Amino acid sequence: MPERILVVDDQEEIRDLLADILERRGSESVMASCPEDALEMMGDKAENFDLVILDYDFGAKMNGLEALTRIKKIRSDLPVIILTGKGTVPVAVEAMKLGADDFVEKNFYLEEHIEASLRRIDNLINLVKTSKELRREAEYYRKSLQERYNIVGETRQIKEVLNQVREVASIPRPALIRGERGTGKELVAAAIHQCGTRRRGPFITINCAALAEGLLECELFGQEENAFTGSAFREGRFVLANKGTLFLDEIGNMSVEFQRKMLRVIEYQQFERVGGEKTIKVDVRIIAATNADLEKEMKAGRFREDLYDRLAFETIWVSPLRDRKADIEPLCYHFMKKLAEEIPGVKPKKISPEALAEMMDYDWHGNVRELKYVIERITYKLDGDTIFPHHLPEDITSPHLAEAVSDDSFSQRVDGFQKRILVSALLHSDWDLERAAEELKMDHETFQELCHKYNLEKSEQ
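Here we summarise the structure given alongside this text. Predicted model only: the values in this text are computed from it and were never measured. (Residues numbered from 1 in each chain as written. Predicted model: local features only at pLDDT ≥ 70, side-chain atom pairs only at ≥ 80, totals over all residues. Heavy atoms only, no water.)

## Observations concerning the overall build of the chain
Along the backbone of the chain there are 19 helices and 16 strands. Taken over 461 residues, the chain has a buried fraction of 47%. Counted over contacts in the chain with a minimum sequence separation of 6, partners at least 24 positions apart contribute 70%. Of the roughly 23800 Å² of accessible surface on the chain, a fraction of 49% belongs to carbon and sulfur atoms. (Helix = DSSP H or I, 4+ residues; strand = E, 2+ residues; numbered from the N terminus. Buried < 20%, exposed > 50% of the residue type's maximum accessible area, 1.4 Å probe, protein only. Contact = heavy atoms within 4.5 Å. Areas by Shrake-Rupley, 256 points an atom, 1.4 Å probe, with all protein chains shown as cover.)

## Examining the sheet that holds strand β1 (residues 4-8)
One open sheet accounts for five strands, arranged β2-β1-β3-β4-β5; its pairing is parallel. What marks the edges here is a single partner per strand, and that holds for β2 (28-32) and β5 (102-105). Taken pair by pair, the neighbouring strands of this sheet meet at an average axis angle of 20°, ignoring direction. On top of the sheet, helix α4 (residues 89-97) reaches β4 (80-84) and β5; it is set at about 150° to β5, its chief contact. (Pairing = 2+ DSSP bridges. Axes fitted to C-alpha atoms, helices over the stretch in contact; angles between N-to-C directions.)

## Observations concerning the pattern of salt bridges
As enumerated under the stated definition, the model contains 27 salt bridges in all. With its nearest N and O atoms 2.8 Å apart, the salt bridge here joins Glu295 to Arg178. Highlighted residues: Glu295 in helix α11 (residues 294-299) and Arg178 in strand β6 (residues 175-178), separated in sequence by 117 residues. Note that Lys325 and Asp363 form a salt bridge whose closest N and O atoms lie 3.3 Å from each other. Here Asp363 lies in the loop between α14 (353-361) and α15 (367-381) and Lys325 lies in the loop between β14 (315-317) and α13 (328-342), a separation of 38 residues in the sequence. For Lys325, a relative accessible area of 0% translates into the label buried. (Salt bridge = Lys/Arg side-chain N within 4 Å of Asp/Glu carboxyl O.)

## Thoughts on unusual backbone geometry
A positive phi angle, near 55°, is found at Gln269, a position not held by glycine. Along the chain, Gln269 turns up in the loop between α10 (256-268) and β11 (270-272). One non-glycine residue, Lys441, lies in positive phi territory at about 55°. Here Lys441 lies in the loop between α18 (433-439) and α19 (444-453). Here Lys441 falls in the exposed class, since its relative accessible area comes to 78%.

## A look at the sheet that holds strand β13 (residues 285-290)
Pairing in this open sheet of five strands is parallel, and the strands run β7-β10-β13-β6-β14 from one edge to the other. The open sheet has two free edges, formed respectively by β7 (203-207) and β14, since each of these has just one partner strand. Adjacent strand axes in the sheet meet at a mean angle of 20°, parallel and antiparallel pairs treated alike. Note: strand β10 (residues 245-249) against β13, four bridges, orientation parallel. Of the residues in β13, the one forming a bridge with Leu246 is Ile286. Against the sheet, helix α7 (residues 185-195) makes contact with β6, β7, β10, β13 and β14, and its axis sits at roughly 150° relative to β6, the strand it touches most.

## Looking at a negative patch on the surface
On the surface, Asp10, Glu12, Glu13, Asp16, Asp20 and Glu23 cluster together into a patch of negative charge. Mapping Glu23 onto the fold places it in helix α1 (residues 12-24). Judged by relative accessible area, Glu23 falls into the exposed class, the value being 60%. (Patch = residues over 30% accessible without salt bridge, like charges linked within 9 Å, V, L, I, M, F, W, Y side chains within 5 Å. Lys, Arg positive; Asp, Glu negative; His and termini not counted. Charge placed at Lys NZ, Arg CZ, Asp CG, Glu CD.)

## Some points on helix α2 (residues 35-42)
For α2, every residue scored as buried is listed here: Pro35, Ala38, Leu39 and Met42. One side of α2 carries all its buried residues, which in axial view fall inside an arc of 95°. Looking at the packing, one finds that the buried side of α2 touches β1, β2 and α3 (64-74). In the stretch just after α2, Gly43 is the one whose phi turns positive, near 40°. (Arc of directions from axis to C-beta.)

## Considerations on the packing of α13 against α15
Geometry of a packed helix pair, given as the angle between the helix axes and the separation of the axes. It is at 9 Å that the axes of α13 and α15 come closest, and there the two elements cross at 50°. Between α13 and α15, the crossing angle belongs to the class labelled oblique. Considering the relative orientation of α13 and α15, their crossing is right-handed. Of α15, the residues touching α13 (which contributes Ile328, Leu331, Cys332, Phe335, Met336 and Leu339) are Val368, Leu371, Lys372, Ile375, Glu376, Thr379 and Tyr380. Residues that form the contact of α13 with α15 fall into these classes: ten nonpolar, one polar and two charged. (Parallel < 35°, antiparallel > 145°, perpendicular 65-115°, else oblique. Left-handed = near helix turned anticlockwise from the far one by under 90°. Nonpolar A, V, L, I, M, F, W, Y, C, P; charged D, E, K, R; others polar.)

Structure (structure tokens):
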């Protein structure tokens, strides 16, 4: 999207000259002949402009410095270049004090000087654009984080995670979230951010496994213009996350050498952009996540122990879905409700006890993410109002049909049958353990032991 630049000058020939200069650089120009018109144009739409080029002398009308003061009150971060035909040092100094970003004298070399000023201010314009995007992103997160990152679950494991989230949320130290893929580690990170003192700041995420190391360094630390041949200035995620939280997903995929750089940044909260020499200081809360076996990686020398010690001020383990299957039902209804809110005409379905029993018996290797995709596809495609076993993917139901030719041992098959019997009894009794035990003509203590064995316990509400 091209830059939008507001030009304020009472001389038509100057406005035409500036319009030509801005058109050549691919910028969109908006013209005003006096400060009053410019201020009216800005009104509540100041965010639509990337730069103001403002004349100083308008005769008897409001002068440029007065207009500059009002513009900065409307939007303090908007860059302003002051033009003047009466270039004096006191005027230039006063303009800079009031927040002008450059000062250009109107003379025979105006075109050349304006182009040079625009080049000098390009980085600032890019930074302001980034800041605008960041403000929009922060506003989005403030409105939607609580809803979007709602952690759903009733099991003991989820209750423990939520307790840890509340305990660590406002502590200004790193946190490490561990668990298999698809368990919801980013949700936990966002919940920590949302519950803590930094919730009004940005929540910035990056997947460390998705980028080559050179690109990852530029993304995290930023890069100066021409850091590489023809490369543009780029602000890094650490700066974007200033006063907020930076979530580093798949931290275990970094090289040992890059881990050393990360350790310095996390420890001292300072770094240099790629291609730059200036040290930049930030105030960022780091939350990292991984599904890697870090203990194994440290023994093999592929993960630094000092980085692990720094990150693991608090470690939160997110259990796989197969170990908290009582969360499957509330998760299903949560995902159906959210889908119905997003897509007109889609309505949540009921889940038959038989279909739920099938889902409870499946191990969900993709964890909550896999469950979400399965239940959303069924909800979207199903015309009826109830989900039955034949609506489920074969991956979920076929293991039961093939049980007789399974490679599992005899004891594993017995365990599978036993677990399905327990699940069926729990569903029929609405998870009342005493009623379920009575239905199976089993003493309550034995029933509890079996539920614990197969991770079928629900936490106390």
